[in-house]
Amino acid sequence: MGDGDESLSSLSAISAGRLELGPLLMRVVTAVSAALPCEVVALLLLDETQDTLMLKCSIGLSGWANNAVRLPRDRGVSWTIVRERRTLRMRQASAHPDYYFVPESGEGRFTSLMGTPLVDGGDVVGALYVQSEAERDYTDDEAARLEAICRNAGGAVRLAWRMEQSHERARILTELHTLSQLLSASEGSEEILSHAQRYVASLTGARRVLFWLAGDDGKLEGGHYPASAGEVSWLAPVKDGLVAHVARERQPVDIRDVEGEERFPELSRVARRSLQAHPLEYGGGLVGVMVAADRSVPHEANDYPFSGDEGQTLATVSRLTAQALSRARTHRRLAMALDANQRNVRELSMLFQLSTVMQRTVDLEKLLRVILSCVTVGSGLGFNRAILFLVNEASGRLNGVIGLGPSSEEEAGRIWSELEGKTQNLADFVRWLLAKDTLEIAESPFSGVAQSLSFSLEEDGVLARAVREGRAINVQGIPPGAPADNALTEALAGDRFAVAPLVASGAAVGAILVDNKINRRPITDADLELLTRFTAPASWAIENAKLMERLSTLNGELVSLERQMAHVERVSALGEIYAELAHELKNPLVTIGGFAQRLARRATTDETTAHYSAIIVDEVERLEKLLRNTLDVSRNVHRVNLSLSDLNRVAEDVVDVYWRMIIDNGVECALSLTPNLPLVSIDEAQIRQVVVNLILNAVEAMGCPRHGTAKRLTIRTHLAVEGEPMVRLSVTDTGGGVAPYDLAKIMDPFFTTKATGTGLGLPLCNKIVRMHRGVLEIDNQLGVGVTFTINLPCESAGQSDHAPRGDA
């Protein structure tokens with residue numbers, strides 16, 4: 001028996017038994033090597049997709065070539081053998097038109113080739129060929145020997161190959177199941193892509209795996225994963241070409257040779273030799289595109305195309321990844337929607353609480369403090385500082401009314417520490433705020449800054465623009481040039497703030513300005529939206545408070561008129577009694593005055609007696625004039641008796657009479673009298689009475705126990721030369737000033753804040769000064785004190801019975 005017969009006998013024995021694929025193929029190629037004169041024996045098998053011939057076993061080729069060399073469909077002589085199902089004999093293989101040279105395999109030194117298909121029951125399993133270095137013509141006998149070996153081994157090889165493919169499929173399915181579990185447990189996109197990338201490399205041997213994701217609209221986003229794969233600009237040609245094509249067509253692309261690819265440019269930026277691109281689709285929508293490049297082999301200098309089986313694995317991984325990404329995206333959208341709903345619920349609840357607190361406050365001044373507290377407290381809108389502006393329709397200006405917030409980080413820490421543990425919610429904070437002294441709020445440095453701000457609604461500043469356009473503006477830096485904005489940023493010491501207009505019934509009411517100067521937290525669009533939603537109830541609350549204030553004013557005027565009418569009736573009823581009483585008092589006063597004059601004339605040596613006697617005489621004269629005035633009032637006569645007088649002497653005389661009362665009340669009195677003042681034409685008794693009333697009011701104001709400042713009374717005279725020359729006498733106290741809501745009524749008859757006052761003192765003083773063609777001015781410094789200034793014109797004395805102009 002020859003070598004060929006022994007090889008066939010050996011193969012028959014192999015076919016009768018069961019061997020694993022590797023040992024079986026080695027026995028086949030060994031048998032061929034023994035039966036035929038050759039230097040190379042190679043056996044290639046078709047994969048399950050029938051698209052790739054894979055070199056599974058060889059003798060004479062490079063050791064790494066087994067399981068590495070892959071021939072795509074219709075590439076190489078082996079595919080010709082499989083396709084034509086016949087034995088091919090070639091004296092010079094490289095001359096055949098289907099020859100495909102794989103230099104790394106070491107086949108370059110071989111010349112002749114003979115190959116035959118490996119067939120089992122009519123199905124082609126693969127191809128078996130031999131090569132020789134020298135050129136030779138293979139004989140019919142040699143061809144018959146090779147064909148016989150293939151016929152005998154075909155069934156066994158096919159069975160073993162299927163068994164190995166089954167094991168490989170099971171392994172891949174197990175890996176894919178593990179991957180599916182990992183993807184299901186992942187929430188973030190990067191985590192999902194990381195798992196997919198690792199498993200693609202493990203299952204297919206891909207050297208590089210890249211992903212481009214699509215947005216909710218199905219359009220590709222700018223970046224890629226992993227970011228370390230290269231700059232976005234570097235991979236832009238790949239994205240705009242291949243990736244965009246796959247995303248558009250929703251079909252995979254298999255490129256076996258990137259250098260010869262003409263449809264898509266610059267593929268060498270992601271692949272050395274070959275790649276596959278798969279769309280990531282789920283539920284009819286595009287999630288992204290996956291690109292796997294270069295199936296690596298142990299010999300690191302060589303990469304080969306993916307087999308059809310590996311292409312199916314890539315498609316499966318793409319589907320699993322797309323499903324996971326879509327699920328993560330849906331979960332993310334649901335989480336965002338849930339967060340948005342929860343935020344909306346919290347905001348609506350908070351706005352309801354704020355609206356409730358505001359609607360319960362009808363006093364405008366308190367309401368403005370409540371509004372700003374809602375804007376700045378942590379359980380409210382949570383801004384660091386806020387300023388409320390109101391529109392003055394008469395002047396067309398936007399005026400800062402009140403500011404709330406710390407002026408420094410130190411003050412913020414002190415205030416926030418004071419609030420911690422005391423104010424559990426917004427209602428607690430509002431109660432805490434309203435319990436504080438109004439003057440303390442009004443005198444705070446930041447509120448002072450707020451009250452110093454005033455802008456024309458016609459200006460081109462951001463504040464006026466927000467009010468005119470009726471929209472909120474988030475300011476993140478102001479370019480230089482706009483005076484109004486420059487003044488605003490200078491006052492705020494920053495250019496990061498937001499403004500929201502206050503609008504009610506389609507008309508501008510004012511605006512709220514907020515910032516986070518202390519903690520420097522950026523104001524987001526969500527913050528601006530919440531502020532805008534808050535301004536609606538705040539605007540209506542301010543409008544309602546204004547209406548209530550006007551209604552209260554009207555009611556007050558009505559009550560005042562009723563009181564005045566009642567007073568007029570009483571005065572009318574008692575007029576005759578007053579006249580009779582004045583008449584009865586006049587006689588004793590004349591007697592007292594006469595005796596006092598006699599004492600003054602006789603006290604030539606006793607200066608004290610003379611001084612006191614003179615005072616008695618002067619005061620009797622003043623009382624007599626008051627009695628005459630009372631009689632005049634009862635007769636509805638209003639006249640003054642003018643004479644040239646020195647205001648310095650009037651001030652000194654009044655202080656001389658009342659100095660003991662001033663000292664007893666703990667008041668320090670200072671006279672600042674300008675010497676050589678021009679004389680003024682006045683009814684000295686009446687002007688003296690005005691000065692007395694102003695001094696008594698000042699001493700009473702400084703007696704309020706709430707104010708702990710030093711009690712100081714200053715009486716000053718000077719000449720004002722602006723316009724018509726005027727002599728001025730001012731009385732200044734340190735009584736803390738008059739509340740703004742009382743200041744407007746202070747000259748109204750019968751208005752008083754005193755428990756026992758009549759409300760006639762200041763109105764009568766004002767009337768007396770006006771009867772002298774003068775003006776009584778009020779300079780109110782809230783938290784400091786008040787200055788009343790009597791302005792009297794400089795002129796010659798008139799007739800003794802002069803009737804004044806004005807409201808005589």
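Residue indices follow the written sequence of each chain, beginning from 1 at its first position. Totals for whole chains, interfaces and linings use all residues, but because this is a predicted model, local features are given only for residues with pLDDT of at least 70 and pairs of side-chain atoms are given and counted only at 80 or more. By convention in this description, side-chain values take in all heavy atoms of the structure and omit both hydrogens and water.

Draft legend 1. Inspection of the overall build of the protein chain at higher detail. Helices and strands together make up the secondary structure of the protein chain, namely 20 helices and 24 strands. For the protein chain, the proportion of its 808 residues judged to be buried stands at 44%. It only takes one pair of heavy atoms within 4.5 Å for two residues to be counted as in contact. Partitioning the intrachain contacts of the protein chain with sequence separation of at least 6 by distance along the chain shows that 65% fall at a separation of at least 24. Looking at the protein chain as shown, the accessible area adds up to about 40,400 Å², and 52% of this sits on carbon and sulfur atoms. Think of it this way: any DSSP run of H or I at least four residues long counts as a helix, any run of E at least two long counts as a strand, and we number them from the N terminus. Note on exposure labels: buried denotes an accessible area under 20% of the residue type's maximum, exposed denotes more than 50%, and partly exposed covers the range between, all computed with a 1.4 Å probe on protein chains only. Computed with the Shrake-Rupley method and a 1.4 Å probe, the accessible areas treat only the protein chains shown as cover for residues.

Draft legend 2. Region of the structure containing the pairing of strand 21 (residues 712-720). Here, any two strands with at least 2 DSSP bridges between them count as paired. Judged from the six bridges that link them, strand 19 (residues 668-673) and strand 21 form a sheet pairing that is parallel. By the bridge assignment, E668 is partnered in strand 21 with R712. The pairing of strand 21 with strand 22 (residues 726-732) spans seven bridges and is classified as antiparallel. Its bridge partner lying in strand 22, T717 is registered against L729.

Draft legend 3. Structural context of the confidence of the model for the protein chain. Considering every residue of the protein chain, the mean pLDDT works out to 81; 81% of them sit at 70 or more. A score from 0 to 100, pLDDT tells how confident the predictor is in each residue. Confidence, expressed as mean pLDDT per element, reaches its minimum in the protein chain at helix 11 (residues 438-442) with 49 and its maximum at strand 1 (residues 40-46) with 94. Long-range and interchain partners of residues 633-637, a stretch whose pLDDT sits below 50, account for three contacts in this model, where long-range means more than four residues apart. Note on residues 796-808: pLDDT under 50 across the span, and 26 contacts to partners over four residues away in sequence or across chains.

Draft legend 4. Representation of helix 6 (residues 236-249) in the model. Under the 1.5 Å per step criterion, the end-to-end length of helix 6 is 19 Å for 14 residues, consistent within 8% with the ideal 20 Å. One axis is fitted to the seven residues ending at the residue and one to the seven starting there. The bend at that residue is the angle between these axes. Of all the bends in helix 6, the greatest, near 35 degrees, is centred on V243. Of all the positions in helix 6, only V238, K239, G241, L242, V243, A244, H245, V246 and A247 are classed as buried. Downstream of helix 6 by one or two residues, R250 has phi in the positive range, about 60 degrees. Every helix has an expected span of 1.5 Å times one less than the residues it contains.

Draft legend 5. Inspection of the packing of aromatic side chains at higher detail. Only Phe, Tyr and Trp rings take part, Trp by its six-membered ring, and two of them pair if their centres are within 6.5 Å. Stacked means planes under 30 degrees apart, edge-to-face means over 60, and tilted covers everything else. Considering all chains together, one arrives at one aromatic pair under this definition. Of note, R269 hangs over the ring of W234, and the distance from its end group to the ring centre comes to 3.9 Å. Consider the ring centre and the ring normal. A charge sits over the ring if Lys NZ or Arg CZ is within 6 Å of that centre and within 35 degrees of that normal.

Draft legend 6. Structural detail: the sheet that holds strand 2 (residues 52-59). One open sheet holds the six strands; their spatial order is 3-2-1-6-5-4, and the pairing between them is antiparallel. The open sheet terminates on both sides in strands that have one partner only, identified here as strand 3 (70-72) and strand 4 (88-90). Taken over all neighbouring pairs, the strand axes of this sheet differ in orientation by 20 degrees on average, direction set aside. Pairing of strand 2 with strand 3 involves three bridges; the strand directions are antiparallel. Considered in strand 3, the bridge of M54 is made with R70. Whenever a helix is involved, its axis is fitted only over the stretch in contact; in every case the axis is a line through C-alpha atoms, and angles between N-to-C directions fall within 0 to 180 degrees. Packing against the sheet, helix 3 (residues 77-84) makes contact with strand 1, strand 2, strand 3, strand 4, strand 5 (112-120) and strand 6 (123-132), and its axis sits at approximately 135 degrees to strand 6.

Draft legend 7. Quick look at helix 20 (residues 761-771). If you check which residues of helix 20 are buried, you get L762, P763, C765, N766, I768, V769 and M771. Positive backbone phi, approximately 60 degrees, marks R773, located one or two places after helix 20.

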